[in-house]
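Reading the structure
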Amino acid sequence: MENREERPAYEQVPTPPERGLLHIWQSAGPIEELSLGRVLLSRPVLQVTLGEHHGLLLTQGSQVYSFGELLWRDLSIPLSAPVLEESLLGKSVVRVAAGGFHCGALSEQGNVYMWGENTAGQCGLTEKGTVTNITVSEPCLVSVVDSEVVPPAVVRVMDLACGREHSLALSSQNELWAWGSGCQLGLVTNNFPVWRPQKVEHLAGRHVIQVACGAYHSLALVRSLLPQNNNTLRPPEKKERGQSPHSSVTEREESLTADDAHYCPLGVELSEVLIGETTPRRRGPRRRLHPVGRSAGSSPGSGSFPYSGDGKSSTAQKLPELDGHADHLTQTDGRPVSHPLPCWGANKNSAFPDEMELQNILQKLSGHSLETQPINGPGDTDSLSSHTSDDSCVSSTPSTDLLISSNSGVSGPYSSSPVCLEEVRLCLEAEKKGLQGQKSSSLTNIHQKGKTAGNRRCSLPGTPTHGSPRRRRPCPCKPSSASRTQAAASEDAGDGLPSLETEVWSWGRGSEGQLGHGDQLARLQPLCIKSLTGEEVIKVSAGSHHSLALSAQCTVYSWGSNMCGQLGHVNSPVTVPQQAKLSDGLRIWDVSAGQSHSLLLADGDCVQPILLYCGQHQESLSARRETSHQSQRSCQRSPSRAEIYSVRPTLLPLCMEMGYISSVSCGGQSCAVLADQNVMGFISAIHELASRERHFYCWLSNTRKLLLTPLRNREGACPTLGEPCTHLFFSLCESFVRLSILIGRHATSLSYFLHDVQGADVKSLPLLTHTDDFLVIYKEYCFALGNFHVMGGFQSLHKLSLEVLGSQQSLLARLCVPDQSVSGDTDLVSLLYWPLQQLHQYSRVLLKLGSCYDVLTEEYQCLHQGCRHYESLSLSLLRRKKEAETTFLFWKSHSGKNTEVLRLPQRRVVCESSNRSLTLQKAGRFSNHWFILFNDALVHTQNAIPSQNFFSTHHVYPLTCLWVKPVTEDTRGLYAIKITCPEESFTLVASTPQEKNKWLRSLNQAVDQVLGGGGQGSSPGVTAISRTATYTFTGEGSFKDAHYTGGWLAGRVHGRGTMKWPDGQTYTGNFKNGLEDGYGESVMPNKVLNKPDGYQGQWRDGKIQGFGKYKYASGQVYEGCFYEGQRQGYGMLSSGKQARTSSSVFIGQWVQDRKTGYGVYDDITRGEKYMGMWLDDQRNGQAVVVTQYGMYYEGTFKENKMIGPGLLVSDDDTAFHGEFADDWTVNGKGVLSLANGDCLEGLFSGEWSTGLKVVGTYTKPAADEPDNKERNSLFRLGQYLVPSAQRWGCVFTECWSRLGCAAAGRGERTIAWENIAVTITTAQRHSPNLSRSQSKALESLEFIPQQGEAVTTANFDNIRRYLIKACETPIHPLGWLVETLITVYRMTYVGVGSNRRLLRQAVQEVQAYLTHFFSLVRFLFPGLPDDGCIIPDPPASPSKSRHNSNTEGVVVVSCSSLLLPLLLPRLYPPLFTLYSLQEEPEEAQYWERIIRLNKQPDQSLLSFLGVQEKFWPVWMSILGEKKQIVSSSKDACFVSAVETLQQISTTFTPSDKLLVIQKTFEELTQEVKPMLEGNFLWCMDDLLPLFLYVVLRARIRNLGAEVSLIEDLMDPNVQHGEMGLMFTTLKACYIQIQHESTL
């Protein structure tokens, strides 16, 4: 590779920044002589990461620098002049990672760039390279693609980690991706290298927070899943290579009784892709490693094993344990081998291929030193001494991963007992035979047999079978590694704080125990380290062959190689996590692991962080090199223990010179830190806040572990504390745990914040973003603590602590703050109240941070507001503490049975009148009254003796329903206070003005506080008159024993609320002055039917009054008007499904809960409909009855029977007029007219359906005899009907009442409009589910047209538009009127009421509606003229032509033109049905001739009708093309006129139908004009035949009904005009078609 000149990072020495200062030094050498390397860059350094012999820097502005041995470029860059990676400029790099000999960078968009050595595929298949490239000299993009989705999607990466021969990427979905070589990838594959990133499927469904890479192992910090039920059945899962079959927890525990280290995921054969491929820099000629001894104190698994020439294992065999247990047969997937791996079948006679390998194993187990000189190639730079080895010869030997050291007896990891060769052979042969009998195809789940290895660590495989937990979307990329870790860790329950429920998973080579599973086996797939579950690990770091885990409690767990003391302890075994030995008072908050050393960042005695170092202390570099060349153990399989190292982490004095260190980093033999200068005290304030919070969390954890948990788990806790205090203590413990969790997550978040302090926004501090969480949890804790204190729980708790802790009382000394002493009950009180002081510290630090900003900045405002919040909360909670102490002393001094009933946990005493400072007005001379004011109630005791804690009776008045009012001093000199309660009022008299003011102030403050503070705007001396509260009535009355929740006004229920009675009765709605008033819903139990009645509607003065809907328990439903709890006015009653006798519906007028007045009764069961008068629930008066069989009766009823004269008409037109004695029973004189005209007159008796007895005269009229007018008048329909003007008066009366009028026209217009406005506003306020169109309609009704002035043509249209909108809105009184009229009309004339003899009655009813309706409209708009009068102003637009008469220049106002368009469209179906039934015979004749005449062609029909030939069309247009009309043409003439006339069936009102007729004539004229010359005027002789042709071709069904409807309801003002003439023409055509036989 060519040597090229690299541009230095700077041309001249820049001014060092105040943030992101970088310090680097070599870990080897005496601590006292460490020399710092200071990198001076013009930009702050955001991140530093170190590899074996190189490093990367990420500076502000996303610039990446490299330094050290850049072997892929054949360059050596000094630390003082790092080179800029120009190819990454503009890539927005936010993260860098250095592996052993390769590098990685991550952009803000989530793209990965890799460069460096690529022999093992650790740089992936880059876009610029191929699989044959052994180095990648420049950063190249590596695509991470998820091929499992369709279409494949590019994965966004948020974190990156690199080892020696592998790389890991953490996606924004918190999934892990890997590429490179070796078992440390965690992939289910045996083909290496892996060039393209693949998902680590074994962690699928898990939320990965952070990843770390060692030399040949990997660590992942994973959020714990929610606890799963062990009994939950899980579906069978696929058994893959390297993964044991899943079983339930119980089954696995049972299987572990034989061997708890059963999971050994090895056995993946390596592919031969890289056979013979070597790296010139690192690999020399093959060499053979011979056994080398080790000291008795060396770590397990550090002995030698068969080793190939290029540093790779050549076998995959292991030794059985010394107790005879069989271990698993496994193979390894370490670095690529240069020849295929032998299998078990290679040598059937020997358990090992040769004796030398067996001697190597025995030498390891026995500890004897058999030194052999290694053979090193000239290019093998990895063959270093034990002091400087980069571990390329340590864990590159995968064979060591297969060795399990026995933990039984004395032959532990450090055992040096010799082993008999014959025993080893016998054990291996037994193992081989046992394996041959196994049927499993997987080599990873073969259980050992025999006696269990009792103290071996249980390491179960984690499974993804629990499914994917819910996760938030990841946070945006941050410009540092720390912030990216925080982004991943902060997603807990969606609240943005880091999770403490974590697990640590490891996989890869385990030769030094660096996996932490209690053995030295390799793991092909991620496996959870069970001993760290629940330890609240927040960060993991991986060195070459050891691992570190940092917990939220500032402790460090380490495991793996301890040759140089890098673990910080000498505990054994090193194959499981052990706590590092730290001095008291040190709290670790950042860790980093290097090749053979560890660096810890901790809180010391001052705010400035300190550095602790674990690892070897070596001599100078020259001495180490000389020692390295002279060493006979340079190719030892593991570095020998360092000659100089400390047992505990050692303080580095030079850290005080660096400033405020924010993060540490290790790699190779180097250490690096990033530090900041304390500018304006900002950095020190942040560090102080974080340090205090970490210390606080450690204190909380210790208190929880040493004090609360033992006390809570004590079996005798309940009897000692008592039942009430036990529940309160448990509640206190729960709130303490919640506070502890919050503080722990906050402390962790602050540590993350410090790692990125130069790039983070101060407004993102959790104290500011999660203020509500802090306020809520601190209040909850203080409340629980105060409740326990008030009930005297600390006295019992102190006794319990003496029993539980016993002689360990000194443990409390560890928890006490310096100003406390462990001597009594008060110590526990002070101890548990101490966390409240932290709020003041928050406020102080936020104030200090705010002083670093200008007062006008957003940061200052945010910090100042947070400061005020926490200071206010601190003062508030201290007041609560004082209140609890005062209350406890009060109960202690007033203990007794009487007072004990008043003692509640949440109750606090405010003041009391034991000194006779307050008494009851007009109290007896010898009576004693004691008033105690609590924070929730005022207690009045009678015949009280406070000194003896005795009273005979007491009353408790809740403050929520207490109104306090000062009584002005009168001449009697009384200092009185009036107390108002829901059921009584009384006056208190104070002894002095001072006492009055004291009690008045205390009462007002207590009431205001119980109402939520401030009393909703109450002024001094006047508490909230209007409020919302809950109260249970006890006195006599309608509310006796009722429980109420809702609004109050000065001691009375007022506003919206809910009242519930013990018997199940409920009311929800509005109240006014203590009674139900307004809209409400009520449920009333019916004890007889055992079902409740229900009512929804209006109330007044505590009674049902107004419009509503009542559902009876019997199933009946009444919807209508009420008055004082009775049905009164308009209403409709429907029988329910439970009615056994009949099903019926009544709609009409009610008086005092009875049917009285006009009404319609539909007896559905009998098929009869009664339309007439009622009296006291009985049919009485004139009425009409129709049946489903076509019977029609009109007459008089009395006492619910047909009695008196009446007319009965059958379906075949047989009619009878005479006297009736009962329903359908004739008795007396009468006349019977038959359908053929014959007549029978005389005396009739009998029932109509069974037969009549007649004594009379039969008459058959002659053909030429004139009609008998007198007889015809007897059979005239309608003579016994109720006049249409008298029907449905109750409906219009209800509408008038809604307008505020006592009767029709009797009221004030302004009040009517006010009622309309209130109705609309109420609907908008209490109907949140209105649609958008309904809301717009209500808004449009808020604009009222001018109603006081005379109506002109200008505002007439405004009135008409307003009426249209009002009638379309049922909430409006006019809209309700229209809806109700439609209901009663359909109830009358639909179903059985569809009788053609009711047509005249139906038409008259519509006309009566218009008359009543018009009177309402004229009341609201008095400027409207009378019906048929003229508005003198000329019309402003043609749109008014439909309402105009033929007199030009004036507008005629009539009720039909104004209101019929509002009513008739919805009344049209039943009305038109009656017209069709009436015209049915004529319609049959008409339609028969229409069909016959339309068979003729056009010219033939025109000739037949007598149309002159000059009017015959010659041409017709078909799709724009003119064609000539021939004699055979049909339906080709006057097409537009025919189509226009057909539209008459699609209109509803007579005015619209007349417009259709008018347009038809216009179209006809337009088609005729081109055939004639000059001006043309129609004459009837020409027009009638032509229009007759149009009518015939239009083929209109029910034309007779259309004509009759127009004629009956047409506006009288247009009858004699042009439209009237056109209508007459249409009618003439219909008659002629029907009757002219000549046609």
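Our structure is the block above this text.
Residues numbered from 1 in each chain as written. Predicted model: local features only at pLDDT ≥ 70, side-chain atom pairs only at ≥ 80, totals over all residues. Heavy atoms only, no water.

1. Some words on the overall build of the protein
Counting secondary structure elements, the protein contains 32 helices and 62 strands. Looking at the protein residue by residue over its 1639 residues, the buried ones come to 54%. Partitioning the intrachain contacts of the protein with sequence separation of at least 6 by distance along the chain shows that 60% fall at a separation of at least 24. Looking at the protein as shown, the accessible area adds up to about 70400 Å², and 51% of this sits on carbon and sulfur atoms. (Helix = DSSP H or I, 4+ residues; strand = E, 2+ residues; numbered from the N terminus. Buried < 20%, exposed > 50% of the residue type's maximum accessible area, 1.4 Å probe, protein only. Contact = heavy atoms within 4.5 Å. Areas by Shrake-Rupley, 256 points an atom, 1.4 Å probe, with all protein chains shown as cover.)

2. Some points on the side chain of threonine 49
Turning to its location among the elements, threonine 49 is positioned in strand β3 (residues 45-50). Here alanine 98 takes part through its backbone nitrogen, which lies 3.2 Å from a polar atom of the side chain of threonine 49. When residues no more than four places from it in sequence are discounted, the contact partners of threonine 49 are Gly55, Leu56, Val96, Ala97, Ala98 and Ser665. (Polar contact = N/O pair within 3.5 Å; in protein donor to acceptor, adjacent residues only side chain to side chain.)

3. So, the packing of helix α6 (residues 682-713) against helix α14 (residues 837-850)
Orientation of α6 relative to α14, taken along the N-to-C sense of each, is 165 degrees, at an axis distance of 9 Å. As judged from the angle between their axes, α6 and α14 are roughly antiparallel. Along this stretch, α6 crosses α14, giving a crossing that reads as left-handed. Contact residues: Phe682, Ala685, Ile686, Glu688, Leu689, Arg692, Glu693 and Phe696 in α6; Gln838, Gln841, Tyr842, Arg844, Val845, Lys848 and Leu849 in α14. For the contact of α6 with α14, a count of residues per class yields eight nonpolar, two polar and five charged. (Axes fitted to C-alpha atoms, helices over the stretch in contact; angles between N-to-C directions. Parallel < 35°, antiparallel > 145°, perpendicular 65-115°, else oblique. Left-handed = near helix turned anticlockwise from the far one by under 90°. Nonpolar A, V, L, I, M, F, W, Y, C, P; charged D, E, K, R; others polar.)

4. Points about the sheet that holds strand β21 (residues 523-528)
The four strands are arranged β18-β19-β20-β21 in an open sheet whose pairing can be described as antiparallel. In this open sheet, the two edge strands, each paired with only one partner strand, are β18 (207-213) and β21. Averaged over all pairs of adjacent strands, the angle between strand axes in this sheet comes to 20 degrees, irrespective of strand direction. In the sheet, β18 pairs with strand β19 (residues 217-223) via six bridges, with the strands oriented antiparallel. Directly across from histidine 207, in β19, lies its bridge partner arginine 223. (Pairing = 2+ DSSP bridges.)

5. Here we look at the pairing of strand β5 (residues 63-70)
The element β5 is largely enclosed, with a buried count of seven among its eight residues. As defined by bridge partners, strand β4 (residues 54-59) adjoins β5 across six bridges and the pair is classed as antiparallel. Its bridge partner lying in β5, histidine 54 is registered against glycine 68. Here β4 folds back onto β5, and the loop between the two strands holds three residues, one of which, glycine 61, carries a positive phi near 95 degrees. Sheet topology places β5 next to strand β7 (residues 83-84); two bridges connect them, and they run antiparallel. In the sheet register, tyrosine 65 faces β7, and the bridge partner there is leucine 84. In the sheet, β5 pairs with strand β6 (residues 75-77) via three bridges, with the strands oriented antiparallel. Paired with glycine 68 across the strands is isoleucine 77, a residue of β6. With antiparallel pairing between neighbouring strands as the criterion, β5 and β6 make up a hairpin whose turn holds four residues, including aspartate 74 at a positive phi of roughly 55 degrees.

6. So, helix α11 (residues 793-805)
Over its 13 residues, α11 runs 18 Å from end to end, which matches the ideal 18 Å to within 8%, given 1.5 Å per residue. Listed as buried for α11 are Gly793, Phe794, Ser796, Leu797, Leu800, Ser801 and Leu805. All buried residues of α11 project into a common sector of 150 degrees when viewed along the axis, lining one side. (Expected span 1.5 Å × (residues − 1). Arc of directions from axis to C-beta.)

7. A few points about unusual backbone geometry
With an omega of -5 degrees, the peptide bond between valine 150 and proline 151 qualifies as cis. You can see proline 151 is positioned in the loop between β12 (145-146) and β13 (153-154). A cis amide bond, omega 0 degrees, links phenylalanine 192 with the succeeding residue proline 193. Although it is not a glycine, serine 62 sits at a positive phi angle of roughly 60 degrees.

8. Here we look at the sheet that holds strand β11 (residues 135-142)
Spatially, the four strands line up as an open sheet ordered β8-β9-β10-β11, and their pairing is antiparallel. Every other strand in the sheet has two partners, leaving β8 (93-98) and β11 as the edge strands with one partner each. Recorded for the sheet is a direction-independent mean angle of 15 degrees between the axes of neighbouring strands. One ladder, built from five bridges, connects strand β9 (residues 102-107) with strand β10 (residues 112-117); its direction is antiparallel. Directly across from alanine 105, in β10, lies its bridge partner tyrosine 113.

9. Section: α14
With 14 residues, α14 should cover 20 Å at 1.5 Å per step; its first-to-last C-alpha distance of 20 Å lies within 8% of that length. Buried within α14 we find Gln838, Leu839, Gln841, Tyr842, Ser843, Val845, Leu846, Leu849 and Gly850. On its buried side, α14 packs onto α6, α8 (723-755), α9 (766-769), α10 (771-790) and α15 (858-893).

10. Here we look at the pattern of salt bridges
Side chains that carry opposite charge are capable of pairing whenever their charged atoms lie near each other. Applying the stated rule across the entire model yields 41 salt bridges. For the salt bridge of arginine 523 with aspartate 519, the shortest nitrogen-to-oxygen distance reads 2.8 Å. Summarising the burial analysis for this pair, arginine 523 and aspartate 519 share the class buried. Three or more residues joined by partner-sharing salt bridges are found here, namely Asp146, Glu148, Glu175 and Lys199. (Salt bridge = Lys/Arg side-chain N within 4 Å of Asp/Glu carboxyl O.)

11. Quick notes on the environment of asparagine 1613
The residue asparagine 1613 is located in the loop between α31 (1599-1609) and α32 (1618-1635) in this model. Owing to a relative accessible area of 27%, asparagine 1613 belongs among the partly exposed residues under this scheme. A C-alpha to C-alpha distance of 9.4 Å links asparagine 1613 and valine 1453, two positions 160 residues apart in sequence.

12. Some thoughts on the state of the cysteines
Evaluated as defined, the whole model comprises zero disulfides. With no disulfide of its own, cysteine 671 has cysteine 666 as its nearest cysteine by sulfur position, at a separation of 4.1 Å. Assessed through its relative accessible area of 0%, cysteine 671 is described here as buried. (Disulfide = S-S within 2.5 Å.)

13. Details of the packing of helix α23 (residues 1373-1389) against helix α25 (residues 1455-1478)
Where α23 meets α25, the axes come as close as 10 Å, and the angle between the chain directions of the two elements is 0 degrees. Between α23 and α25, the crossing angle belongs to the class labelled roughly parallel. Contacts from Val1378, Glu1379, Leu1381, Ile1382, Tyr1385, Arg1386 and Tyr1389 of α23 reach α25 at Leu1462, Leu1463, Arg1466, Leu1467, Pro1469, Pro1470, Leu1471 and Leu1474. Class assignment of the residues belonging to the contact of α23 with α25 gives a composition of 12 nonpolar, no polar and three charged.

14. A look at the pairing of strand β16 (residues 176-180)
Counting buried positions along β16 yields five of five residues, so the element is predominantly enclosed. Side-chain alternation along β16 places Leu176, Ala178 and Gly180 on one buried face and Trp177 and Trp179 on a second face that is also buried. The sheet contact formed by strand β15 (residues 166-171) and β16 spans five bridges and is antiparallel. Each residue of the ladder has a partner; that of serine 167, found in β16, is tryptophan 179. If you look at the hairpin formed by β15 and β16, you'll find four residues sitting between the two strands, and asparagine 174 has a positive phi there, around 60 degrees.

15. Focus: the packing of aromatic side chains
Inspection of the entire model under this criterion finds 60 aromatic pairs. Ring plane angle 80 degrees and centroid distance 5.0 Å describe the contact between tyrosine 1067 and phenylalanine 1071, whose orientation is recorded as edge-to-face. The residues tyrosine 1067 and phenylalanine 1071 share a single accessibility class, namely buried. Here the aromatic rings of tyrosine 1486 and tyrosine 1630 are separated by 5.2 Å at their centres, their planes lie at 50 degrees, and the arrangement is tilted. With tyrosine 1486 in helix α26 (residues 1480-1493) and tyrosine 1630 in helix α32, the pair connects residues that are 144 residues apart, well separated along the chain. Relative accessible area serves as the criterion here: at 5%, tyrosine 1630 is assigned to the buried category. For arginine 712, the ring lying beneath its charged end belongs to phenylalanine 730, and the centroid distance is 4.8 Å. The ring of tyrosine 1170 has arginine 1179 sitting right over it, with the charged end atom 5.4 Å from the ring centre. (Phe/Tyr/Trp six-rings, centres within 6.5 Å; stacked < 30°, edge-to-face > 60°. Lys NZ or Arg CZ within 6 Å of the ring centre and 35° of its normal.)

On their own, these measurements won't tell you what the molecule is for.
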